[in-house]
Amino acid sequence: MAQLWGGRFKSGTDRVAYEFNASISFDSRMYKEDIEGSIAHATMLGEQGIISNEDSALIVEGLKGILADIENGKLEIGSQYEDIHSFVEAVLTDRIGEAGKRLHTGRSRNDQVALDMKLHTRKTIDDIDSRLCRLQKSLLNIIENNLDTYMPGFTHLQKAQPVTLAHHLGAYFEMFIRDRSRLADIRKRMNSCPLGSGALAGTTYPLNRERTAELLGFDLGPTRNSMDSVSDRDYLIEFLDALAIIMMHLSRFSEEIIIWNSNEYRFVEISDAYSTGSSIMPQKKNPDIAELVRGKTGRVYGALMSLLTTMKGIPLAYDKDMQEDKEVAFDAFDNVSACIELYDGMISTIRFRNDLMEKSAKNGFTNATDAADYLVKKGVAFRDAHGIIGRLVLKCIEENKALDDLSIEEWKSECEVFENDIYEAISLKTCVDKRLTPGAPGHEVMEKAVAYYKEYLG
């Protein structure tokens, strides 16, 4: 059992209790952050004269060597160590001797793990943001090429009004803009350095906390309260909340892809690379990636609720309960990262059936509102126009045809004000392109949206 404590204990820890308490199996993924934090700490200790410059330099070089050896596979993180902190310090001391024991001067595992988790989370935020950016670029490519691809817009899963594929996918582009904004906000707020807070009450050593914050890229400087520093997981809860929202957006998108992929819709054909078959039904081509993204959303929600529940009853400052933040957070990090990457690949290779989308919009009476508006412009009260078009829709349903298929005599049978220009007024192109208010699907409006999206992505 390799640990950083034990002097006041008469006997060793029970093996089962030790393994239950240990975190090396999951916090080992923070080896790089732990070493980066230790390098900054050792550098500052030397600059402050708390340890000698010779020891500081020896420690820094030793830590760099450990990092290099882990990354090139020469050094394996052993499971006999209690956590990543004890592993790094033990290996360092074994390599450089007595100087290695001075690394922990003015530091506790409490502020050390708080630092490691912040550094790891900050890197993950940047990674998730870059993945969302790539997904947005793939979406923008589809949007730009489908400004005039007509399809039905839905409410209550019922065909409502005609839109374009560009407009529909633009809604998800906007969601991801907000997701990335949340990530940026969280990163900015969390970017203060807990290192130097000690176990909970700081230290009597003359640490230069501003220096370690600077070395580690914390632009807000050191944290202001040492008790809060070691027990704060707000930033992680916020991040998990943002990840849950990202997954909610991906799940909604997945639901639509799954519906559109069905035989009843056939709006899309998912690439073989992102589909699977059936072990018994040879005709099947299942949208498993979209379904798994939808399914993993609950798993990320669970991580958020788990950490909220863990933190709700913990008195200040650090308690061992907080070790439970890592496994759920790491699982959420990994799943969201994978889901975004897979989604990007699926969307980039998907085939949209523009012909079937347009046919569905035409046959679904999505132009009924425009027909009513036509009458209003001819002086008919909207409520009367609504009734007239409703009766014509019922006639079309009974005769299995679209409004566009009605003869002028059939139009006039309900209202004499109809003229031949009704056909142009209710064409999908007219219905969409005359909607020019900001945010609408009209071609001119969407061209401006595309220009904005390009500027946004840089």
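What comes next concerns the included structure. These numbers were taken from a predicted model, which means no experiment stands behind them. (Residues numbered from 1 in each chain as written. Predicted model: local features only at pLDDT ≥ 70, side-chain atom pairs only at ≥ 80, totals over all residues. Heavy atoms only, no water.)

**Regarding the pattern of salt bridges**
Oppositely charged side chains are able to pair whenever their charged atoms sit close together.
For step 1, the next point in the chain: Overall, the coordinates contain 37 salt bridges when judged by the stated rule.
For step 2, the next point in the chain: The salt bridge partner of Lys123 is Glu33, with a shortest N-O separation of 3.5 Å. Pair noted here: Lys123 is in helix H6 (residues 109-144) and Glu33 is in helix H3 (residues 31-47), with a separation of 90 residues, a long-range link.
For step 3, the next point in the chain: A relative accessible area of 33% places Lys123 in the partly exposed class.
For step 4, the next point in the chain: Close ionic contact of Lys454 with Glu144 constitutes a salt bridge, the shortest N to O distance being 2.5 Å. Of the two residues, Lys454 is situated in helix H19 (residues 443-457) and Glu144 in helix H6; the sequence distance between them amounts to 310 residues.
For step 5, the next point in the chain: Connected via shared salt-bridge partners are Glu269, Asp272, Lys285 and Arg351. (Salt bridge = Lys/Arg side-chain N within 4 Å of Asp/Glu carboxyl O. Helix = DSSP H or I, 4+ residues; strand = E, 2+ residues; numbered from the N terminus. Buried < 20%, exposed > 50% of the residue type's maximum accessible area, 1.4 Å probe, protein only.)

**Observations concerning the nonpolar core**
For step 1, the next point in the chain: Counting 73 residues, the largest nonpolar core has Ile128, Leu243, Ile246, Leu250, Ile257 and Phe352 as its most contacted members.
For step 2, the next point in the chain: Of all the elements in the fold, those that place two or more residues in this core are H6, helix H7 (165-190), helix H10 (234-261), helix H11 (288-311), helix H12 (325-349) and H19.
For step 3, the next point in the chain: It is H10 that provides the largest number of residues to this core, a total of 16 residues.
For step 4, the next point in the chain: Setting aside residues up to four positions removed in sequence, Ile128 forms contacts with Leu183, Phe239, Leu243, Ile246, Phe333, Val336, Ser337 and Ile340.
For step 5, the next point in the chain: Formed by 26 residues, the second largest nonpolar core is a distinct cluster that contains Tyr31, Ile59, Phe87 and Leu207. (Core = buried A, V, L, I, M, F, W, Y, C linked by side-chain atoms within 4.5 Å. Contact = heavy atoms within 4.5 Å.)

**Details of H11**
For step 1, the next point in the chain: Between its terminal C-alpha atoms H11 stretches 35 Å, which fits the 34 Å expected from 24 residues at 1.5 Å a residue.
For step 2, the next point in the chain: Burial in H11 covers these residues: Ile289, Ala290, Val293, Thr297, Val300, Ala303, Leu304, Leu307, Thr310 and Met311.
For step 3, the next point in the chain: For H11, the secondary structure elements touched by its buried residues are helix H9 (226-231), H10 and H12. (Expected span 1.5 Å × (residues − 1).)

**Details of the environment of Ile96**
For step 1, the next point in the chain: Structurally, Ile96 is set in helix H5 (residues 84-96).
For step 2, the next point in the chain: With a relative accessible area of 19%, Ile96 lands in the buried category.
For step 3, the next point in the chain: On a C-alpha basis, the gap between Ile96 and Ile389 in space is 86 Å, while along the polypeptide they are 293 residues apart.
For step 4, the next point in the chain: Setting aside chain neighbours within four positions, we find Ile96 in contact with Leu58, Ile59 and Gly62.

**Concerning the packing of helix H14 (residues 368-377) against helix H15 (residues 382-399)**
For step 1, the next point in the chain: One can describe the packing of H14 onto H15 by two numbers: an axis separation of 9 Å at closest approach and a directional angle of 135°. Classified by the interaxial angle, the pair formed by H14 and H15 is oblique. By crossing handedness, the relation of H14 to H15 is classed as right-handed. Where H14 approaches H15, its residues Ala368, Ala371, Ala372, Asp373, Leu375 and Val376 are matched on the opposing element by Phe382, Ala385, Ile388, Ile389 and Val393. (Axes fitted to C-alpha atoms, helices over the stretch in contact; angles between N-to-C directions. Parallel < 35°, antiparallel > 145°, perpendicular 65-115°, else oblique. Left-handed = near helix turned anticlockwise from the far one by under 90°.)

**Overview of H5**
For step 1, the next point in the chain: In this model, H5 (13 residues) spans 18 Å end to end at C-alpha, consistent with the 18 Å of a helix rising 1.5 Å per residue.
For step 2, the next point in the chain: Of the positions making up H5, those classed as buried are Ile84, His85, Ser86, Phe87, Val88, Glu89, Val91, Leu92, Thr93 and Ile96.
For step 3, the next point in the chain: Looking at the buried positions of H5, the neighbouring elements they touch are helix H2 (24-27), H3, helix H4 (53-71) and H6.
For step 4, the next point in the chain: N-cap assignment for H5: the residue whose side-chain oxygen lies 3.2 Å from the backbone N of His85 is Asp83.
For step 5, the next point in the chain: Positive backbone phi, approximately 80°, marks Gly97, located one or two places after H5. (Polar contact = N/O pair within 3.5 Å; in protein donor to acceptor, adjacent residues only side chain to side chain.)

**A few points about a nonpolar patch on the surface**
For step 1, the next point in the chain: Taken together, Leu200, Met227 and Leu316 make up a surface patch of nonpolar side chains, about 270 Å² in accessible area.
For step 2, the next point in the chain: Inspection of the secondary structure assignment puts Leu200 in the loop between H7 and helix H8 (209-215). (Patch = residues over 30% accessible without salt bridge, like charges linked within 9 Å, V, L, I, M, F, W, Y side chains within 5 Å. Areas by Shrake-Rupley, 256 points an atom, 1.4 Å probe, with all protein chains shown as cover.)

**Topic: the packing of aromatic side chains**
For step 1, the next point in the chain: Counted by the stated rule, this structure contains 13 aromatic pairs.
For step 2, the next point in the chain: Measuring from centroid to centroid gives 5.2 Å for Phe239 and Phe333, while their planes differ by 45°, and the two rings are tilted. With Phe239 in helix H10 and Phe333 in helix H12, this pair connects stretches of sequence that are 94 residues apart.
For step 3, the next point in the chain: The class for Phe239 is buried, based on a relative accessible area of 0%.
For step 4, the next point in the chain: Residue classification places Phe333 among the buried residues on the basis of a relative accessible area of 1%.
For step 5, the next point in the chain: With 6.1 Å between their ring centres and 65° between their planes, Tyr452 and Tyr453 make a pair best called edge-to-face.
For step 6, the next point in the chain: Overall, the relative accessible area of 45% leaves Tyr452 in the partly exposed class.
For step 7, the next point in the chain: Here Tyr453 falls in the buried class, since its relative accessible area comes to 4%.
For step 8, the next point in the chain: Among the aromatic side chains, those forming a connected cluster through ring pairs are Phe154, Trp260, Tyr265 and Phe267.
For step 9, the next point in the chain: If you follow Lys118 out to its NZ or CZ, it ends over the ring of Tyr235, 5.6 Å from the centre.
For step 10, the next point in the chain: Of note, Arg122 hangs over the ring of Phe218, and the distance from its end group to the ring centre comes to 4.6 Å. (Phe/Tyr/Trp six-rings, centres within 6.5 Å; stacked < 30°, edge-to-face > 60°. Lys NZ or Arg CZ within 6 Å of the ring centre and 35° of its normal.)

**Describing unusual backbone geometry**
For step 1, the next point in the chain: With omega at 10°, the peptide bond leading from Leu316 into Ala317 counts as cis.
For step 2, the next point in the chain: Looking at where Ala317 falls in the secondary structure, it is placed in the loop between H11 and H12.
For step 3, the next point in the chain: Of note in this structure, Phe365 is not a glycine but carries a positive phi near 60°.
For step 4, the next point in the chain: The residue Phe365 is located in the loop between helix H13 (354-363) and H14 in this model.
For step 5, the next point in the chain: What makes Phe365 buried here is its relative accessible area of 18%.

**Let's talk about the environment of Trp411**
For step 1, the next point in the chain: In this structure, Trp411 sits in helix H16 (residues 408-414).
For step 2, the next point in the chain: Overall, Trp411 belongs to the buried group, its relative accessible area being 0%.
For step 3, the next point in the chain: It is 50 Å that separates the C-alpha atoms of Trp411 and Leu342, two residues lying 69 residues apart in sequence.
For step 4, the next point in the chain: What Trp411 contacts, discounting residues up to four positions off in sequence, is Ile389, Leu392, Leu403, Leu406, Phe418, Ile422, Tyr423 and Ile426.

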